[in-house]
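Notes for the structure review
Here's the letter readout for the chains.
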Amino acid sequence: MAGKHVVAAGLGGALALSCLTAAAAPSLADCDGAFTTTLNAAPAVDARAYWLNRQLIKWPAADADGVFKLYYSATAQLRAAAGTRLIGADGAVALSRFEGALPADVAQRFKFVGAGPVLAVTSGDTARLLTRQVLLVREAADGTVRDATTLQIAGALDDLYAGAAKAGDLGVTVGSRDAGFKLWAPTAQNVALCTYDSGSSKANAITPMTRDDATGIWSARAGQAGQYYQYLADVVAPSAGLVRNLVTDPYSVSLTADSKRSYIADLGAAQLKPAGWDKSRAPNKVAAQTDMTVYELHVRDFSINDNTVSAANRGKYTAFTETTSNGMKHLAALSKAGMTDIHLLPVYDIGSVPEQGCVAPQIAAAAPDSEAQQAAVEKVKFQDCYNWGYDPYHYNAPEGSYSTDPADGAKRILEFRQMVQALHKAGLRVGMDVVYNHTYIAGQNEKSVLDRVVPGYYHRLNAKGDIERSTCCDNTATENLMMGKLMIDSAALWVKHYKIDSFRFDLMGHQPRATMEQLQARVGKRINLIGEGWNFGEVADGARFVQASQLSLNGSGIGTFSDRARDAVRGGGAGDSGVQLITQQGYINGLVYDANEQAAKRPLADLLQASDMVKAGLAGTIRSYPLTTADGRTMALQDIVYGGNQPAGYASEPGETVNYVENHDNQTLYDINAFKLPQTTTARERAQVQMLGAAINAFSQGVAYFHAGFDILRSKSLDRNSFESGDWFNRLDWSYQDNYYGTGLPPAADNGKDYALIKPILRNAAIKPAPADIAYARDAFRDLLSIRASSTLFRLRAAADIRQRLRFFNTGPQQTATVIAAHIDGKDYPGARFKSITYLINVDKAAQTITVAEEKNRRYKLHPVHTSKNAADQRIAAEASYNQATGAYSIPARSAVVFVEQ
């Protein structure tokens, strides 16, 4: 350790911490008691100091004058008030001033911590101190308190218990006679195991657990498969004092109803596997990450509104096993057309939906702009059966509300596997949306797990010691060793035991890049990782670590969602409200060329700029791709400015880009177009505009990502945030009769401020599509999938391939701004199928002709999908043409056309 020690406070005597438990040992009755029992209450205290490692403490912004002491109490008796002497201490620990440079790893990890005195713990028993209530006090010469704080402990725990990260058997391991239990709880004074015969019976046994001082892991053997268990942990909680927490296992693989008790299971047991599970395999559709074409789907949305699914299975995992249902026929058709992956919105155990006894709102027929529908949803939103699921409770267990029997811990395991198996049989890989960036809740709340096992460790804290909530909820700290391990272990479990093929990480930019790369190494390269790489909050711009964010993941091979083309296509930004929802038109919905009734006159330059950004997306948002921009310059995408201060191109390779124009967040594309297209636009034209968005996504290099129902013009009645809007605003109709536009004002909480704008739009019956319009979009979408699947030229493997083979025509200041024309060279490219491809996208209301001199004397024909007698858009075969003599391409209004050369 570098630096010099200067004694600041000699407190006399060696550290003598009792090894005795601070409270009476728990009894069997405690196993059936309250979720938490306060053994000795203590007032909440700020945690403004940082325990950097086992020896060093830093107190930012603290006055360096005075005497520093570290007091402790096994029974949480410490009380400190300015101007008085501290009371309730069992003793105090000598501290010395540390001067000089911090160890490099410590300095890097805590680079965000402000300046202040650094103190060294001169005793060697930091481990025992961490099981006590501690207060760091700055005292006056007369021993009175000048300031006091508790400490943030993650640095010390990670230093002391690094060996715990190597443990491969946290949770339960079922043996032939009993089960082994392991819980990492290094700050606990005592831990006992409660076992139960069922999810509702009284405890049958309480077993003391043994602490391993090297790892902080407590272990015991008891119980057997099919039973249930909880832990009793005596811990000091910063917000409460010394408490006895009755808590489920952070590594639970299943639970009883509403997650009251953890379930003892051997995930390799035959009775937990559907027939043929061990031999079943995922379809071999994705050779490279760019082959992924993804359909994002919510388990309940999929079947709750499908009367061709048996009533018992609606909204459940088992709905996917009914292969003759309308919904499964739809997914099978998508698979046949070229869809590769279903990405399920969160299916791990969530805290926001009652697993038993949820209620359905009673919604009567009402006007398209009525407030009655949303009021009925709002009335029961905390008791109803619906939530997106971004509320993690237990990361390693399937959610119970999607099981036909949530009370049976085995059932949800089996049925989840049945769902995966059914999707694999339908030719679709299965991805999970995972939310390791926050928990449903923290502190001493009943649905807090991690924070009741190791208080103050698993969450990211601010300078006062409060939990950061920039992600909406209680942010986890995956930079901390054991939270990072939990994330990695969890992903590995889903891959090994549930055959998950890919992951979509919610707010992945809040994770360290290094941890994500460790996760990738653990699950293997064949498991595709994509996520939201947004850069914001307390970790923004690398404030705490190198993030797994758009710019910082460059070169990792992990994909992030791109907002570049998304916003250009849709118009405006994800957070728009008020009149901007209408006036900020995008490339496909009328910017400049088809201004709506409220849009001010916009210069052609705005349309040209949007066109450039769409081209950037089509080129995979690759840093090094050279694009001739609207002003005639040719620039690498990384040198084109996006959003004021970011590069338009941020990815090293196309697999690092996820292209999308709609997902579960924000308004659906159909709804955003309801705002932005002129109100006189017909429903059929709106369907054509929707397919322009689909075409741009399908033709873009990188991963193609689509929201379920996008292909059938899904509407949420203009709802901008349907996470708890119930089944009513999230419905899907696999019979293709309705897209549910104009089914009431969306919930007031997120939309009410815009009701004055929304009401007249919802009243416009012309916006609502007829079944024929929905069928057109459905079939046109499948045609686009088939075109994408037909050639690897739409799914180029490397940035070098894109630079070499993709070329845009109709660029620069003289271009026809409403037409994008691109050529992809297929010579000697594996899987190309065609010598070359030229595609054109015309967003204009009128047909267009583009002449490309370089394209003369080629042997272009329309793509076979366009000329099929079953082609959805018959206009293309009838009206689109290529003139060999002049190199002129003619294409219909609002169409995407692909020409191929054999």
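Figured I'd write up the structure that's included with this text. (Residues numbered from 1 in each chain as written. Predicted model: local features only at pLDDT ≥ 70, side-chain atom pairs only at ≥ 80, totals over all residues. Heavy atoms only, no water.)

Some details on the overall build of the protein
Counting its secondary structure elements, the protein contains 22 helices and 44 strands. For 902 residues, the compact-globule formula gives about 29 Å, and the C-alpha radius of gyration of the protein, at 30 Å, lands near that figure. Expressed as a percentage of its 902 residues, the buried residues of the protein come to 63%. Taking as baseline every contact in the protein between residues at least 6 positions apart, the subset at least 24 positions apart corresponds to 75%. (Helix = DSSP H or I, 4+ residues; strand = E, 2+ residues; numbered from the N terminus. Rg over C-alpha atoms; globule rule 2.2 N^0.38 Å. Buried < 20%, exposed > 50% of the residue type's maximum accessible area, 1.4 Å probe, protein only. Contact = heavy atoms within 4.5 Å.)

So, the sheet that holds strand E28 (residues 502-505)
Around the barrel, eight strands lie side by side as E21-E22-E25-E28-E29-E30-E35-E36; this closed barrel has parallel pairing. When strand polarity is set aside, the average angle formed by the axes of neighbouring strands in this sheet is 30°. Bridge analysis of strand E25 (residues 429-434) against E28 gives four bridges, and the strand direction is parallel. Opposite aspartate 433, over in E28, you have arginine 504 as the bridge partner. (Pairing = 2+ DSSP bridges. Axes fitted to C-alpha atoms, helices over the stretch in contact; angles between N-to-C directions.)

Notes on the state of the cysteines
Applying the stated criterion across every chain yields a total of three disulfides. A sulfur-sulfur distance of 2.0 Å marks the disulfide that ties cysteine 31 to cysteine 194. On the sign convention where negative means left-handed, the S-S torsion of about -75° between cysteine 31 and cysteine 194 marks this disulfide as left-handed. In this pair, cysteine 31 sits in the loop between strand E1 (4-9) and strand E2 (36-41) while cysteine 194 sits in strand E14 (residues 190-196), placing the two residues 163 residues apart along the sequence. Cysteine 194 sits in the buried class, given a relative accessible area of 0%. Across a sulfur-sulfur distance of 2.4 Å, cysteine 472 and cysteine 473 are joined as a disulfide pair. (Disulfide = S-S within 2.5 Å.)

As for the pattern of salt bridges
Per the stated rule, a full pass over the model turns up 48 salt bridges. Close ionic contact of arginine 429 with aspartate 341 constitutes a salt bridge, the shortest N to O distance being 3.0 Å. Linking arginine 429 in strand E25 with aspartate 341 in strand E22 (residues 341-344), this pair joins segments that are 88 residues apart in sequence. An identical accessibility class is assigned to arginine 429 and aspartate 341; each is buried. Between aspartate 873 and arginine 875 there is a salt bridge, with its nearest N and O atoms 2.9 Å apart. The class of aspartate 873 is buried, set by a relative accessible area of 11%. The network of salt bridges with common partners includes Asp433, Arg504, Asp506 and Glu532. (Salt bridge = Lys/Arg side-chain N within 4 Å of Asp/Glu carboxyl O.)

Topic: the environment of glycine 143
Secondary-structure assignment places glycine 143 in the loop between strand E9 (133-139) and strand E10 (145-149). Since its relative accessible area comes to 10%, glycine 143 is described here as buried. Considered as a pair, glycine 143 and glycine 443 are 300 residues apart in the sequence and their alpha carbons are 33 Å apart.

Here we look at the nonpolar core
Counting residues in each nonpolar core, the largest one holds 224 residues, and the members touching the most others are Trp51, Phe320, Leu331, Phe503, Phe699 and Tyr839. Ranked by the residues each element gives to this core, the list is headed by helix H9 (residues 481-498), at eleven residues. Apart from residues no more than four positions distant in its own chain, tyrosine 839 is found in contact with Leu618, Phe699, Phe794, Leu806, Phe808, Ile820, Ala821, Ala822, Ile824, Val897 and Val898. One finds Phe809, Tyr860, Ile876 and Val897 within the second-largest nonpolar core, a separate group that totals 15 residues. (Core = buried A, V, L, I, M, F, W, Y, C linked by side-chain atoms within 4.5 Å.)

Here's the deal with the packing of aromatic side chains
A complete count under the given rule lists 37 aromatic pairs for this structure. Ring centres of phenylalanine 416 and tryptophan 494 lie 5.2 Å apart, and the angle between their planes is 35°; this geometry places the pair in the tilted category. Of the two residues, phenylalanine 416 is situated in helix H7 (residues 409-425) and tryptophan 494 in helix H9; the sequence distance between them amounts to 78 residues. Across the pair, exposure class does not vary: phenylalanine 416 and tryptophan 494 are buried alike. Here tyrosine 625 and phenylalanine 808 contribute two aromatic rings whose centre-to-centre distance is 6.1 Å and whose plane-to-plane angle is 90°, an arrangement assigned as edge-to-face. On the criterion of sequence distance, the pair formed by tyrosine 625 in the loop between helix H13 (604-618) and strand E31 (626-628) and phenylalanine 808 in strand E37 (residues 806-809) is long-range, its members being 183 residues apart. No difference in accessibility class separates tyrosine 625 from phenylalanine 808, as the two residues are buried. Joined through ring pairs, the aromatic side chains of Tyr317, Tyr402, Phe416, Trp494 and Tyr498 make up one cluster. One Lys or Arg, lysine 499, reaches over the ring of tryptophan 277 and ends 4.6 Å from the middle of that ring. Sitting over the ring of phenylalanine 112, arginine 544 keeps its end group 3.9 Å from the ring centre. (Phe/Tyr/Trp six-rings, centres within 6.5 Å; stacked < 30°, edge-to-face > 60°. Lys NZ or Arg CZ within 6 Å of the ring centre and 35° of its normal.)

Comments concerning the environment of phenylalanine 416
Owing to a relative accessible area of 0%, phenylalanine 416 belongs among the buried residues under this scheme. Sequence separation between phenylalanine 416 and lysine 273 is 143 residues, and the spatial gap between their C-alpha atoms is 9.7 Å. Sequence-distant contacts of phenylalanine 416, defined by excluding residues within four places in its chain, comprise Tyr317, Val347, Pro398, Met432, Trp494, Tyr498 and Ile500.

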